[in-house]
Each structure stands twice: as structure tokens, then as C-alpha cells.
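# Overview (structure and organization)
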Amino acid sequence: MRMQLGPDTPASQRSWDTARTDPAEGEIRYVPYKGEEQLPYLMALIDNDLSEPYSIYTYRFFLHSWPDLCFLAMDGDKYIGVVISKLERHRSTTLRGYIGMLVVDNTYRKRGIGSTLVKLSIEAMKNKDADEVVLETELTNGGALRLYENLGFIRDKRLSRYYLNGVDAFRLKLWLKRQEDMHTCEETAEDDQAHHAEHEAASANQGYYDDALLDDDFEQQLRERFGV
């Protein structure tokens, strides 16, 4: 999937119009979350897909605190995908991003929409100086595992019976910085040992975010549209 940069497209829109092989399929737009009026549509999209129900308070916790880490995929006026994330200090030493929800409408899958939404969220976190990104996904969700691992995430931990349906989860992790570039805060000996062990577990080319995953055009459009 490539972004369309046609000369007749208005400057305010052309960075985020997508080009499809078949024009009849329509164009997918990626837009930032704007406000509470969008919440009912996001809830309907997410609740129809995820294995666990969320209360409206969970959505508001994410969206009111980190609205700039939520991105939407639109086909015309239809909501077809969303990623919702947060960014907090972890163990007082690491600025950790967390991808809480990622959903793409069933009829729009296998078009790279989920990957694009995750990339948008990661770039927004990088702009806020995040050190790493984590998430959980079901052990049986092969599609989600492939999506995240193709973006550089590694399987950090297996969580037994993590979901209400009894299914185990994998915690996936992506480092955005090398260890020497991480924030230098006071750590306990235990935290320091665990921190080193995590980084040693990642090979030189796995577990770290690779800017090459974004082509040059896409990265430039990120910066122009969202300032990331």
C-alpha cells in the first residue's frame, strides 16, 4: 500500500489518501482521533472483534489521557480500523508505550491497514521519546503475532490464562532505543539486572524498531501530517 501524492489532490488531504490497485475498492484514509463524538463508533468496531468486553471507562481512560496515540482508518465515513495506545513511565526508569487495542474490520483485512495503524502509533510514541513498546495478544492469534513480529516485536513472556476466555497470551516487546541511549535514572540492582537481561535477549536485528520498516515517502508524510 502506497500513499497517493497526485498533483490534483489538495495539500491538506493528499498525504493521507491511499492508492489501491483496484480503484473500485475505494481509498483508505488514516486520521487522528478527534473527540468523544467518535467514541460510539470505535466501541462498536472494537467490541465486535475483541475477545474481552471493555467498559466505556476503559476507553475514556486511554482516549482522554493519550488522544494523540489513537489513530483511525476510514473508508469514506465508515470506521474500519483503530489503534488505541498509552505511554507511561515503567519502574521509574523506562518510558513505555503500550498498544491497548488494535482492530480492523473483517472485510478490510490483509490490506496492510493494521500494520499502518501500528506504525502511526509507534512513530507518535517515538516523537514523545518512548524507550519501548509492549502489548499482549492471544497465543492462538497467528495473524496478530505475524503482524507484530514483522514490525520487529519479539515474544517477551507467556502469560498463562491471561484472557477471560482462558486463553494464554504472549507479551510482545519492541525496543525503540539501544541500551546506551535509554534514559539514565536511578535503578535498583534488581531492575538494572533485569534491564540488561532484556536487551541481551534481543539480537542486533530483532526486537529493536527499524526505521527502514517505513519507506521514505510514508515517514515524510507522517511528519507532515502529524508532526511525528
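See above for the structure.
What comes next concerns the included structure. (Residues numbered from 1 in each chain as written. Predicted model: local features only at pLDDT ≥ 70, side-chain atom pairs only at ≥ 80, totals over all residues. Heavy atoms only, no water.)

## Overview of the pattern of salt bridges
Any two side chains of opposite charge can pair, given that their charged atoms come close. One pass over the structure, following the stated rule, counts 12 salt bridges. Among the salt bridges present, the one from Glu 88 reaches Lys 86, with a minimum N-O distance of 3.1 Å. Residue class for Glu 88 comes out partly exposed when judged on its relative accessible area of 34%. When the shortest N-O distance is used, the salt bridge between Lys 126 and Glu 123 registers 3.8 Å. (Salt bridge = Lys/Arg side-chain N within 4 Å of Asp/Glu carboxyl O. Buried < 20%, exposed > 50% of the residue type's maximum accessible area, 1.4 Å probe, protein only.)

## Some remarks on the packing of aromatic side chains
What the rule picks out here adds up to seven aromatic pairs. Taking the centre distance of 6.0 Å and the plane angle of 75 degrees together, the rings of Tyr 54 and Tyr 59 count as edge-to-face. For Tyr 54, a relative accessible area of 27% translates into the label partly exposed. Ring centres of Phe 61 and Phe 62 lie 5.5 Å apart, and the angle between their planes is 80 degrees; this geometry places the pair in the edge-to-face category. Using a relative accessible area of 7% as the deciding quantity, one classes Phe 62 as buried. Taken together, the ring pairs in this structure connect Phe 61, Phe 62 and Trp 66 into an aromatic cluster. If you follow Lys 86 out to its NZ or CZ, it ends over the ring of Tyr 98, 5.6 Å from the centre. (Phe/Tyr/Trp six-rings, centres within 6.5 Å; stacked < 30°, edge-to-face > 60°. Lys NZ or Arg CZ within 6 Å of the ring centre and 35° of its normal.)

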